[in-house]
Amino acid sequence: MINDIHGKYWRLCPEDVYCKVIAENRDELDALSTNQEFLADWYMQALAETAKDKLDPLEEGRKYYLVIPNVLGGEYGISNIKTAPLVEIIQLSGDIRRQIKDLPDGAQVKLKVID
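Since the structure is predicted, the reported quantities are computational estimates derived from the model, not experimental observations. (Residues numbered from 1 in each chain as written. Predicted model: local features only at pLDDT ≥ 70, side-chain atom pairs only at ≥ 80, totals over all residues. Heavy atoms only, no water.)

Overview of the environment of serine 33
Tracing the backbone through its elements, the reader meets serine 33 in the loop between α1 (26-32) and α2 (36-43). Its relative accessible area of 39% is what places serine 33 among the partly exposed residues. (Helix = DSSP H or I, 4+ residues; strand = E, 2+ residues; numbered from the N terminus. Buried < 20%, exposed > 50% of the residue type's maximum accessible area, 1.4 Å probe, protein only.)

Set out below in structure tokens:
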């Protein structure tokens, strides 16, 4: 979640490679914080607990992420989860978004991993 200088709240969602306004002000954010559907999606509790059980403990500055983002067909499952520095997750998400932003839904993409 990002709070900008204008008081808007943005949701950064690396697995779906988007960043969008979810609340125009603190009152709207407070109202959203009571929405059970939003909270379930935000916390992904079952998946987060599985990741905690199966993966190494998170070091400071690292977060869980989907290796293949959901928007590219990646599954919300432990076999598709790793940890990385938050900064790298955000950079990768933005780079993928930039590359696919003009593709229609359902377009075929080819992932090329470079070491």
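So, next bit.
Here we look at the side chain of serine 93
Structurally, serine 93 is set in helix α4 (residues 86-100). Ignoring any residue separated from it by four or fewer positions in sequence, one finds serine 93 in contact with Cys13, Pro14 and Val17. (Contact = heavy atoms within 4.5 Å.)

Description of the sheet that holds strand β2 (residues 9-13)
In spatial order, the strands read β1-β2-β3; together these three strands make up an open sheet with antiparallel pairing. Strands with a single pairing partner mark the edges of an open sheet, and in this sheet they are β1 (2-3) and β3 (18-23). Sheet analysis places β2 next to β3, joined by five bridges and oriented antiparallel. If you follow cysteine 13 over to β3, its bridge partner there is tyrosine 18. (Pairing = 2+ DSSP bridges.)

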